Amino acid sequence: MLNATEFTAAQQANLDALVWLGSKAFEGVEQLTALNLQAAKASIDDAAQASQAVLAAKDPQSLLSVQAGLVQGAAEKSAAYGKQVYDIAVASKAEFDKAAAEHLAELQASFVAAVDSATKNAPEGASSGMALFKSAIATANNTFDSLQKATRQATEAAEANFTAVTQSVTKPAAKAKRG
């Protein structure tokens with residue numbers, strides 16, 4: 001069992017972890033806000049330039065050329081914006097995953113220590129039940145590790161798909177601009 005000092009230390013560690021996670025979440029929000037402000041400013045500048053380019057077009061062919069350039073630019077900027085949002089989200093998730101893994105490792109270690117302590121103080125004949133309990137814990141840990149690995153692989157696949165979709169959008173637009 002935990003004594004008062006251990007309980008207080010555990011609660012302080014949990015509070016520290018919560019404050020750290022809140023700080024990291026706020027950093028992600030700050031990054032997204034800065035990105036959105038940057039995108040809004042760029043959109044205003046782009047709209048002004050696009051308006052000037054459209055007004056400067058002297059014939060339908062030059063207007064179509066301007067339009068193709070605007071479509072290409074919009075596709076590239078949209079893809080870049082999406083990639084930046086994705087990068088911010090992935091970086092934030094990595095921070096949270098790291099903190100969760102560290103916290104889980106600490107919890108597992110303290111739980112195993114408590115089980116070992118209980119095993120030492122258990123009455124005779126309880127060793128088979130305790131061995132079964134330890135086996136269940138090991139199985140649960142292995143399952144959790146497998147789940148984390150599968151999640152990591154799914155994240156990598158999603159990132160590869162995002163990159164492929166981004167390229168499939170920007171390449172045709174670039175060809176249309178040149179064509």
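Residues numbered from 1 in each chain as written. Predicted model: local features only at pLDDT ≥ 70, side-chain atom pairs only at ≥ 80, totals over all residues. Heavy atoms only, no water.

Here we take up the overall build of the protein. When helices and strands are counted, the protein shows three helices and zero strands. Walking the protein from its N terminus toward its C terminus, one meets helices and strands in the order α-α-α. What you see for the protein is a C-alpha radius of gyration of 28 Å, clearly larger than the 16 Å of a compact globule of 179 residues, by over 25%. Dimensions of the protein along its principal axes, counting C-alpha atoms only, are 95 × 30 × 10 Å. Residue burial in the protein is summarised as follows: out of 179 residues, 11% are buried. Partitioning the contacts of the protein with sequence separation of at least 6, the portion at a separation of at least 24 is 74%. Total accessible area on the protein is roughly 13000 Å²; 64% of this is exposed by carbon and sulfur atoms. Averaging the locations of the 15 positively and 18 negatively charged side chains of the protein gives two centres separated by 12 Å. (Helix = DSSP H or I, 4+ residues; strand = E, 2+ residues; numbered from the N terminus. Rg over C-alpha atoms; globule rule 2.2 N^0.38 Å. Buried < 20%, exposed > 50% of the residue type's maximum accessible area, 1.4 Å probe, protein only. Contact = heavy atoms within 4.5 Å. Areas by Shrake-Rupley, 256 points an atom, 1.4 Å probe, with all protein chains shown as cover. Lys, Arg positive; Asp, Glu negative; His and termini not counted. Charge placed at Lys NZ, Arg CZ, Asp CG, Glu CD.)

Here Ala17 is to be found in helix α1 (residues 4–56). The exposure class assigned to Ala17 is partly exposed, which follows from its relative accessible area of 29%. Residues Ala17 and His103 lie 86 residues apart in sequence; the distance between their C-alpha atoms is 8.2 Å.

Okay, the environment of Ala122 next. Take Ala122: it is sitting in the loop between α2 (60–121) and α3 (127–178). Considering only alpha carbons, one finds Ala122 and Asp145, 23 residues apart in sequence, at a separation of 30 Å.

Once that is clear, we can look at the packing of α1 against α2. Relative orientation of the contacting elements α1 and α2 amounts to 175°, with a least axis distance of 11 Å. Taken together, the axes of α1 and α2 are roughly antiparallel relative to one another. Counted by class, the contact of α1 with α2 contains 17 nonpolar, seven polar and four charged residues. (Axes fitted to C-alpha atoms, helices over the stretch in contact; angles between N-to-C directions. Parallel < 35°, antiparallel > 145°, perpendicular 65-115°, else oblique. Nonpolar A, V, L, I, M, F, W, Y, C, P; charged D, E, K, R; others polar.)

Looking at the protein as a whole, its pLDDT mean stands at 82, while 92% of the residues score no less than 70. At the level of individual helices and strands, the protein shows its lowest average pLDDT in α3, which scores 76, and its highest in α1, which scores 89. (pLDDT = per-residue confidence, 0-100.)

Glancing now at a nonpolar patch on the surface. Judged by side-chain polarity, Leu15, Leu18 and Val19 come together as a nonpolar surface patch covering roughly 300 Å² of accessible area. Relative to the assigned elements, Leu18 resides in helix α1. For Leu18, a relative accessible area of 56% gives the class exposed. (Patch = residues over 30% accessible without salt bridge, like charges linked within 9 Å, V, L, I, M, F, W, Y side chains within 5 Å. Salt bridge = Lys/Arg side-chain N within 4 Å of Asp/Glu carboxyl O.)

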